[in-house]
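Okay, here's what each chain looks like letter by letter:
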Amino acid sequence: MTLNDLKTQVRKNKPHDFDEVWEKWLNETKDIPNSIEVVKTEETEFGCIIDFYFNSINDVKVFTRLYRNELSIENNRPLIVLFHGSGSNCYSDHNIWHSMNWVNQGYSVVMMDARNQGGNTIDINDYEFNDRHYLCNGCLDKETHYDKRLYLDACKLLYVTRDSSLELFKDYANKPVVAAGPSQGGELTLVVSSLTDIPALALSDIPSGCALIERIENRNGKYTALSEIIDEYPEYKDKIYEACGYFDVINMSHKINCPVLASIGTVDDVCPAEFFYEAYLNIPNPKEIFVYEGYGHGGFEELHLPIKYDFVARNIK
């Protein structure tokens, strides 16, 4: 498969007030004090692992884990902000493996639990369809939409890492940030790189969050949950589609101003490569994409890890 084979047409759904709405939301998020509550510290051979909460929108405390590698501080290495995939959390074996790969390369890593995805970040506010899959919570209105809260949590984490007044991050606040993650984590990597100027690099693997209307209609991955709402309540389709326009990565990826390294699998039916490619085309250079022929939604991480290590080493001295 060549990159030309990935070219497709997706429905344009960018709202006219997209930029104004996101500016307002981001300002509201910045106005929340950068408050941290440490709940556990575990000493390790590389330094320590610190579990803590930070305050975010809708009065929710977001659970976060910092792998503090003393060598990364001594050697002035960037901080890896690692976002996990859908339905996962910081304590899952897969995410510990991802984090420790970077730690073993001499980096510090921080990862948050996404709201209501089986981890320690719980949003108990009352939203429409709260009894359904988390993606459906508040899906009829941009102001209550799950992705609004998820995206702003991810941005707030980056704001927290830049706050030198916080004891936990005083050694990191002046160091570069590398945003990274697979699937939903790849989506959040692109989101924080679009909505903030904090990431120095973005490493986005098999990213979700692109061409949302097509993903709902094709029942790809987690967006099947929204398809099922529309099946049951067809009168809500237009509202759901309208709200999705504010959270489609295609509509914001042109604002990314750091180098991007992306990866896709050619037979991925969870996060179809052609949908992400629409967002990738909007990303300004410099950018690189690796296409893994015959792979679906992942499975090539061990092949791709050395490429990511090299990308960071080449771009951040």
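Residues numbered from 1 in each chain as written. Predicted model: local features only at pLDDT ≥ 70, side-chain atom pairs only at ≥ 80, totals over all residues. Heavy atoms only, no water.

### With respect to the overall build of the chain
Which entries qualify depends on this criterion: The helix count covers DSSP runs of H or I at least four residues long, the strand count covers runs of E at least two residues long, and both are numbered beginning at the N terminus. Here the radius of gyration uses the C-alpha set of atoms, whereas the globule reference equals 2.2 Å times the residue count to the power 0.38. Classification of residues uses two cut-offs on accessible area relative to the type maximum, computed with a 1.4 Å probe and protein chains only: under 20% is buried, over 50% is exposed, and between them is partly exposed. Note on contacts: a residue pair is in contact if any heavy atoms of the two residues lie within 4.5 Å. A 1.4 Å probe and the Shrake-Rupley method give the accessible areas. Residues count as covered only by the protein chains that appear here. Neither His nor the chain ends is counted toward charge; the positive residues are Lys and Arg and the negative residues Asp and Glu. Note that the charge is assigned to NZ on lysines, CZ on arginines, CG on aspartates and CD on glutamates.
Within the chain, the regular secondary structure consists of 10 helices and nine strands. Its C-alpha atoms give the chain a radius of gyration of 19 Å, within 12% of the compact-globule value 20 Å for 317 residues. Dimensions along the principal axes, computed over C-alpha positions, put the chain at roughly 55 × 45 × 35 Å. Relative to its full complement of 317 residues, the chain shows a buried share of 61%. In the chain, the share of contacts with a sequence separation of at least 24, taken over all contacts with a separation of at least 6, comes to 71%. Per element, the accessible surface of the chain, about 12800 Å² overall, is 46% carbon and sulfur. Taken together, the 30 basic and 49 acidic charged side chains of the chain have centroids lying 4 Å from each other.

### Some words on the side chain of R68
As for its placement among the helices and strands, R68 is situated in strand β3 (residues 60-69). The buried category is assigned to R68, whose relative accessible area is 16%. With residues near it in sequence (within four places) discarded, R68 still touches F46, G47, C48, I73, S108, D171 and Y172.

### A look at the state of the cysteines
What counts is decided by this rule: Cysteine sulfurs are considered disulfide-paired once they come within 2.5 Å of each other.
Considering all chains together, one arrives at zero disulfides under this definition. With no disulfide partner, C210 has as its closest neighbouring cysteine sulfur the one in C271, 8.2 Å distant. Sulfur of C258: no disulfide; nearest cysteine sulfur belongs to C155 and is 13 Å away.

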